[in-house]
Every structure is written in structure tokens, then in C-alpha cells.
Amino acid sequence: MKFRVKMTLWMLAVLSLLFGAGGSLLISGFFNDSLEREKDAAFSSYRMAWSALQIVNGLDPYLDTEAIAGTMEQLCQQNRSVWSALSLSTEDAVLYQSGAALSDYLQELAPPEPGSCLIRVVRYGLDSHYLILSGVVETNGEALCLHTAHDVSTLYAMRRSQQRTYLRVFGVMALLCAAASYTVSRLLTAPLTQLSRASRAIASGRFSSRVPIRSEDEIAAVSQDFNRMAERMERNIAELQQAMERQERFVGSFAHEMKTPMTSLIGYADLLRGGGLTPAEQAEAADYLYSEGKRLSNLSRKLLELLVVKERDLPFVEVSPAELVEELADRLRPLLAVRKITVRCDCRPGTCLLEPDLAWSLLLNLADNAQKAMGQGGSILFRQEMLPDGCRIQVLDTGRGIPQEALAHLTEAFYRVDKARSRKQGGFGLGLALCQEIAAFHNGSIQFANRADVPHGACVAVELRGGRP
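Remember, predicted model here, so these are calculated numbers, not experimental data. (Residues numbered from 1 in each chain as written. Predicted model: local features only at pLDDT ≥ 70, side-chain atom pairs only at ≥ 80, totals over all residues. Heavy atoms only, no water.)

A.B. asks: What am I meant to see in a nonpolar patch on the surface here?
C.D. replies: On the surface, Trp 10, Val 14, Leu 17 and Leu 18 cluster together into a nonpolar patch covering about 490 Å² of accessible area. With respect to the element layout, Trp 10 can be found in helix α1 (residues 3-59). (Patch = residues over 30% accessible without salt bridge, like charges linked within 9 Å, V, L, I, M, F, W, Y side chains within 5 Å. Areas by Shrake-Rupley, 256 points an atom, 1.4 Å probe, with all protein chains shown as cover. Salt bridge = Lys/Arg side-chain N within 4 Å of Asp/Glu carboxyl O. Helix = DSSP H or I, 4+ residues; strand = E, 2+ residues; numbered from the N terminus.)

Next comes the structure, spelled out in C-alpha cells:
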């Protein structure tokens, strides 16, 4: 059963209990008050008749029954509107009666004890109700039974009318309450319905589904929390999908990197095992085996460096980034001078907290990528400056630059801009992936861009935010 239906039924139950009990008590209280007033009036008229009999009996105790009956007849004629019926009788005969049909009914009623007055309400016919007062008067040594009847049918008719009106009002009230409670509960549960719909949509794979928020109540707060959860889940799933894609590319690239040297190693090893090669061919095969084995060794070293950096359990020490940059530049100058490449530095003094071996590997990889992007001639500029929580290092070259479509993939493992050239130069596409891990290890980042101040060339900016002493 839906919540809106439950709420409607509960509201109807509460209305029935409160309105029904209140209305019944109100009608019953009004009826009882009116009936008590009628009883008081009837008892007063009964006392008048009873007093008249007492007075007649007091004046002449030996007055015969016919004279008493005449007195009652005279009293009834003078007060015709007081009683609906009146009956005065002995045990053996009726002395006087008025209202013939009802008087016969009064004769059948049992008399009360002498000196008492019995008041009762009786139903006569279909819709007639009478208030009957009965008493016994002794005169001349004989007991006379006096019955008076007063019509209270209007009270019962009024109560029935009030009950019918109450039932009509209650029916209208119940319909209005049902409609109002169903409408209100539907408005209140509409956000929950939307929340359920969004949950089913997300469960079916539509992770962009959200719940619209149009209020500021508790349900809106739940909807906001749900939207935040859905956004976070969507981001996590997108990141997982990207990670899976990167992993698939990594596995494919790794298998491709391993396939070529392993095929060559197996082929040349098989030739050497056959023993049919000349000494010159054996030397060539051995050289090839050595170069391919060296290539596999370098690949394993790069992968090991990546794994070591991801462990992230190495301590930081106080290091001068300027000294690291200048030391690397001093080592590169004689090597790159053969290709007419100049190496310059623009550094600022200061120290920060770094892992020196990883920082050196980072600079070495950036310098290696810069020199691979250049032919004969050009320049490499190392620019270093201090930050409040670390340092920034830029490597600017005058090489070929970076294609726009490659900027977003440079830090992916085994990705190479120029696959043929990089393979000839001994690259694996792991250097920049390692640089990104080292930067992340230092709470920093790495950015790539093409230079705007020269026709060609690239700029790599690394921020290392390991803190300052």
C-alpha cells in the first residue's frame, strides 16, 4: 500500500474518531439537557395534579371517588395543554382518563410504591415518545393510581434530524478530508517518487540522473545528499572506466614492447643454437642479443621506478632545487654540445623538502625528452623559482613542439608522440608517466604546453609542493 493511501486512511480514521465522538457527544448532551427540562416540567405538572388530589382529600377525607374524578376532569379542562393523557384509577376501576388511546396503555403500567413518583420514557406507536409519570395517592383509605403522559416526540424527532444533518456533514467532511490528505500526501511524497525514479535510473546505468529540488525541507535535504552521492558515484565510475582504459592500453603497449625484443631474442638464440653461423654472423647475433637484452633491462628498471614511486613511503629532506638543476645542466652540456645544443639555467636560491633521488630522476627524464625532440642545434633552458610551499621548475626547448591531440595523453604509460623516432632513440613512453607520479608524490602537478615566444618548442612546468623547512 502506498504511503499516500496510508496517510489518507489514517486521516479518515482520526477524523472519524474525533469528529464522530465530538458530534455524538454534542447531540447526546443537547438531547439529555432538553429531556431533563421536559422531565422537570412534567414533574411540575404531575405535582400540580397530585397536590390537587391531596388538597381535595384534605378538605373532605370521605369524599367519594366520583367527586374526585370530577375534580380531575375539571383540572384537565383547565390545563388541557399540560398533559397528553391522564389516568386516575383504583385497583378495580378507572375513575378518570383523557387521551383514550394512550390512557388504555397507561392502565397496563405497573403502579409504583405508595408515596413515590416513577418517571419513565416509553415509545408508543412508530415515532411517538412519551414521558410517563406514575404515583399513588391514598384517599378515604383507598389507593388511587395517578398516571400522566407528556409528549416528547419532538425531542426525539429533533435528535434524529440532528443525527441526519451530522451524518451529511460528516460525509462531506470525510470526502474533503480524504481529498485534501491525498493531495497533500501526494505533494509531500512527490520528491520521494522522483528519488525512487532516479535511483532506478542509476541502477539501470543512467548515472547522470538527478533529483530536482524545489523546497528546503528534510526531503529536499535527502534529495541534495542523494544528488551529491550520485555525482560522486558518477565521477568514480568515470574514473574507473578511464583507469580500465588506461590499464588496457598499458597491457597492450607492454605486450607490444615485449613482443619485438622477445621474438628477436628467440630467433637469434635459435640461430646460435643451430651452430651454422659464421664468426661474423655469430658476433652480430650476440650484439643483437645484448642490445635487446639491454632494452628489456631498461624497461624493467622504468617499471620498477614507477612501482617504487607509487609506494610513497620515502622520506623528504631539505634540498636546494637550484643546485640539482645546475648539476644536471653541467652534466648535459658536454654531451649535447656534440649536437650543437646549448643548455642554460635561470635559478633562484632557496631550499625545500624533496626526495632527492626522485627529483633527480624527474629532471633527467624531462631533459631526455627535451633533447629527443630536437635535431642538430637549439637550446634547452631550465628555469627554477621558489614557491611558498615548494618550488616550480620549467624545461623549455626549441624542438618540434607537441601536437595538440597529444597533450592529454603525454603522461600515459607507453604513449609516444612519434612512435618510430622514439623507438629508434630507445624510448618506451614511460618517462613522463614517471614524472607525473613523482610530481604527485610531492603533492604537485605537471603541465605541458607549446611555447609562444619561439616558432617551435615546448614548455614543461613541474610544481613540487612538498613543503619548505
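Here the narrative resumes.
A.B. asks: Mind showing me how you'd approach the side chain of Ser 379 here?
C.D. replies: Within the element layout of this structure, Ser 379 appears in strand β9 (residues 378-387). We classify Ser 379 as buried; its relative accessible area is 16%. Not counting chain neighbours up to four residues away, the residues in contact with Ser 379 comprise Ile 341, Thr 342, Arg 344, Met 374, Leu 396, Asp 397 and Thr 398. (Buried < 20%, exposed > 50% of the residue type's maximum accessible area, 1.4 Å probe, protein only. Contact = heavy atoms within 4.5 Å.)

A.B. asks: Whenever I open this one, helix α7 (residues 321-337) confuses me. Can you help?
C.D. replies: Because each turn of an α-helix spans 3.6 residues, side chains separated by three or four positions in sequence point in the same direction. With 17 residues, α7 extends 24 Å from end C-alpha to end C-alpha; this agrees with the ideal 24 Å at 1.5 Å per step. The largest bend in α7 is about 25°, located at Arg 331, with the proline Pro 334 one to four residues further on. Of the residues making up α7, those classed as buried are Pro 321, Ala 322, Leu 324, Val 325, Leu 328, Ala 329, Leu 332 and Leu 336. Against β6 (317-319), β7 (341-346), β8 (352-354), α8 (356-372), β9 and β10 (390-397) lie the buried residues of α7. (Expected span 1.5 Å × (residues − 1). Bend = angle between axes of the 7 residues up to and from the residue.)

A.B. asks: How should the nonpolar core be read in this particular structure?
C.D. replies: If you look at soluble globular proteins, the nonpolar side chains tend to sit buried side by side. Grouped together as the largest cluster of nonpolar side chains are 42 residues, with contacts concentrated most on Leu 366, Ile 380, Phe 382 and Val 462. The leading source of residues in this core is α8, at eight residues. Here Leu 366 is in contact with Val 395, Leu 432, Cys 435, Ile 446, Val 460 and Val 462, once residues within four sequence places are set aside. (Core = buried A, V, L, I, M, F, W, Y, C linked by side-chain atoms within 4.5 Å.)

A.B. asks: How do you make sense of the sheet that holds β9 when you look at a structure like this?
C.D. replies: Taken in spatial order, the five strands of this open sheet run β7-β9-β10-β12-β11, and their pairing is mixed. Edge positions in the open sheet fall to β7 and β11 (445-450), since each of these has one partner strand only. The sheet shows a mean angle of 15° between the axes of neighbouring strands, direction not considered. On top of the sheet, α7 reaches β7, β9 and β10; it is set at about 170° to β7, its chief contact. (Pairing = 2+ DSSP bridges. Axes fitted to C-alpha atoms, helices over the stretch in contact; angles between N-to-C directions.)

A.B. asks: Honestly, helix α4 (residues 153-203) in this entry has me stumped. Any pointers?
C.D. replies: Between its first and last C-alpha, α4 extends 71 Å over 51 residues, near the 75 Å set by a 1.5 Å rise per residue. The sharpest bend along α4 measures roughly 40° and falls at Thr 189, with the proline Pro 191 sitting one to four residues further on. Once α4 ends, the next one or two residues include Gly 205, with phi positive near 110°.

A.B. asks: Help me out: how do you make sense of the environment of Asp 346 in this one?
C.D. replies: Along the chain, Asp 346 turns up in strand β7. Spatially, the C-alpha atoms of Asp 346 and Val 325 are 9.2 Å apart, while their sequence positions differ by 21 residues. Within polar-contact distance, the side chain of Asp 346 engages the side chain of Arg 348 at 2.8 Å. (Polar contact = N/O pair within 3.5 Å; in protein donor to acceptor, adjacent residues only side chain to side chain.)

A.B. asks: Explanation requested: the packing of α7 against α8 in the structure shown.
C.D. replies: The axes of two packed helices give the description: the angle between them and the distance between them. Where α7 contacts α8, the two axes come as close as 11 Å, and the packing angle between them is 35°. Like other packed secondary-structure pairs, α7 and α8 cross with a definite hand, here right-handed. Taking contact as the criterion, the partners of Leu 324, Val 325, Glu 327, Leu 328, Arg 331, Leu 332 and Leu 336 in α7 are, on α8, Ala 359, Trp 360, Leu 363, Leu 364, Ala 367 and Gln 371. Looking at the contact of α7 with α8 residue by residue, the classes come out as 10 nonpolar, one polar and two charged. (Left-handed = near helix turned anticlockwise from the far one by under 90°. Nonpolar A, V, L, I, M, F, W, Y, C, P; charged D, E, K, R; others polar.)

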